[in-house]
Amino acid sequence: MPPRREEGDFVIAAHQLTKLYGRHRALDDVTLQVPPGTIGLLGPNGAGKSTFIKCLLNLETPTSGSAQVLGCDIRESNRGAREKVGYSPEQDSHIPGMAGCEYVTYCGQLSGLSFRQARQRAHEILDLVGMGQERYRQIDTYSTGMKQRAKLAQALVHDPKILFLDEPTNGLDPSGREYFLRLIGSLHRQLGTSVVISSHLLNDIERICDRVIIIARGRVLEHDSMENLKTRHRRIVEFAPSGEADRVAAALTAGGHAFQRLSNGRFRIEERSDSIEWLLELLREHRLPPGEIVANPNALHELFLRSLASADGNHA
Amino acid sequence: METTLDLSRCLEKPRGVAYRRWVITSTGLRQLLATRFFRLLLTLAWTAGVGMAACGLVFSQSVATGGWLERAATAFGPRAEALASAFGGLVLLYPDVCVTGLFTVVFWLQSFLGLWLCLVALTVLVPRLVTRDRASNALIIYLARPLTSVDYLVGKLGIVAGLLGLLWTGPLLFGWALSMLFAPNSDFLVYSISPLLRALLFNGVSLVVLAAVALGASALTRSSRITILLWISLWIIAGTLAGGSRSPEWLRRVSFTYNLHALRAHTLRLDTTLINAAEQLPLLSATLAAKLKSEGAKAAPTSLPGTLASLAGFVALSSVVFLRKLRPE
């Protein structure tokens, strides 16, 4: 396994970062410090996720405030702050008239790699993102999924310490999406490359991220580790009985458990404890048939909606 | 469930900004050289360079003592021999008029061909400079790397400079150097330096103007077709309107090609060369001398401040356009 890199205290540090477009506040006084890891950036459309990433990359000039990426001030060391940063934008962005491997090699050279090293890295990364002989085809002829692979490859070719991915799984088929998520999830664990992934797909974020930032109306609503966020969530258990649903309902009522019967036949039960021991005990006690038990389903989804609701309440 | 990342690590220190700019330039030129049309233009330009060298070689060998002209003249009797000697003597007595004059005329002609080839090549290149990068959002790929918009521009400017070098400056220097290699004496070197420097000055100013206008036109739209139409309008349509004998002064100033032609008249001074030849060379007949004088008067340049102001305006306007447009979208 390759050696892990030395990690600084924070990969991103923003202080009162504000970006105005006329009278619209795209970023409003964003202050946060993000340790290394796989970080999910969540928020509805127009929340300010992409603006936040673009400000950190100096693609947009912040109206006020300051920020550091990998310890480099984004304004003072303009080029230096992007030296070890990779970025895969949301929209298609390729250099026309180039084959895939030529494009990735060129991007490596633009980051300062020699031609030989850039070419070697380009082929390794293209293998990694699952691109075969298509790499020798003109990039203009690629499908959306292939373009996503090429975009991820160009972001990784120069061995960055932090990677910003804006909706990286858009346009991928299910197997491609699965492969991508595994790959992105492995980057920090195996290479020490921190990943900031902006996505609308909460399940993807929940699966691979160890930290979440929720942004809405340009403000950071939540920023914590996934573990802490889940413990702050209402304890919900979903139970899918294999039969005798009415007896299950009666047992839950008798035990004084608040529950809801879902249209798919499941029981949604709210409890104070994280443990599901009480449910197993209840099933044993009433000699009920076993079933599928899912603890804290859609925890992130619920937290996300709650954060947005509170933001809307504050805004009103 | 993890993917095993079997990757080499980048342990080398990243190369500097000059290297990254050079990568943009060299890649752009390589893409251009891959087109058959550009290779055709290149063949024309370097054939002209060889033609220049041949012209200089023939001239220097004609007037050299023991050269082919002198030897050939002996075969035609004493009169031809005397004429050949007189011609050689003329160059020896008036090297400033003869050598400088010859090279001024040669560089004047080469500048027409060089400029025309560059304008044709730029018609193909202009959409590749910025337009296509804007259309495909490639700009964000450049600017998310350790590059600034200035680095991007310098890289693209390098492509235009490379194009001019390959089609114009290269053949010019090649033709001159080759003709100097076989020159019979140092007079050819000494008296050809001045026209060479003037030709290079015109070349340099043209580079600045063409690069600025090309980058400006390229950055203005996101459609390759519109960019080409814009370039052709600026070059051919504005040039034709400005070139009319009754065109008003302001119309002449809105064509960068017209102003470049005016600047050529100022820098290469063909008029002075022709008038000097008419006035100083004793062997010329009165009719020929008068003809040279009248041609010299026709080649006289127009107002220099107006020309320079117009070209500076083009550069400034184009710079404003491309600096405003070079932002990720």
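Conventions and cut-offs
Residues numbered from 1 in each chain as written. Chains lettered and ligands numbered in written order. Predicted model: local features only at pLDDT ≥ 70, side-chain atom pairs only at ≥ 80, totals over all residues. Helix = DSSP H or I, 4+ residues; strand = E, 2+ residues; numbered from the N terminus. Buried ≥ 20, exposed ≤ 12 C-beta atoms within 10 Å, placed from the backbone. Contact = placed C-beta atoms within 7 Å. Pairing = 2+ DSSP bridges. Axes fitted to C-alpha atoms, helices over the stretch in contact; angles between N-to-C directions. Nonpolar A, V, L, I, M, F, W, Y, C, P; charged D, E, K, R; others polar.

Participant: Quick rundown of the overall build of chain A? Include the residues and the values.
Facilitator: Across its full length, chain A holds 10 helices and 14 strands. Along the first, second and third principal axes, the C-alpha atoms of chain A reach 70 × 50 × 35 Å. When each of the 316 residues of chain A is scored for burial, the buried share is 43%. Pairs at least 24 apart in sequence give 68% of the contacts found in chain A among residues at least 6 apart.

Participant: Would you mind going over the overall build of chain B in detail, with residue names and values included?
Facilitator: Helix and strand counts for chain B come out as 14 helices and 0 strands. Scanning chain B from its N terminus toward the C terminus, one meets helices and strands in the order α-α-α-α-α-α-α-α-α-α-α-α-α-α. Dimensions of chain B along its principal axes, counting C-alpha atoms only, are 100 × 55 × 30 Å. Buried residues in chain B amount to 43% of all 329 residues. At a minimum sequence separation of 6, the contacts of chain B that also span at least 24 residues come to 79%.

Participant: Please provide a residue-by-residue account of the sheet that holds strand β2 (residues 24-34) of chain A, values included.
Facilitator: Residues and elements named next belong to chain A. Across the sheet, which stays open at both edges, the 4 strands sit in the order β2-β1-β4-β5 with antiparallel pairing between neighbours. Only two strands of the sheet have a single partner each, and these edge strands are β2 and β5 (72-73). In this sheet, β2 lies alongside strand β1 (residues 12-21) in antiparallel orientation, the contact comprising 7 bridges. By the bridge assignment for β2, Lys-19 is matched with Leu-27. The strands that helix α1 (residues 49-56) touches are β1, β2 and β4 (64-69); relative to β2, the one it contacts most, it runs at about 65°.

Participant: Account for the interface of chain B and chain A, with residues named and values stated.
Facilitator: Residue-level contacts link 31 residues of chain B with 39 residues of chain A. Counting only elements with at least two residues in the side of chain B that touches chain A, the list comes to α1 (17-33) and α6 (138-143) of chain B. Across the side of chain B that touches chain A, the residue classes tally to 17 nonpolar, 7 polar and 7 charged.

By themselves, these are just geometric observations and shouldn't be taken as functional.
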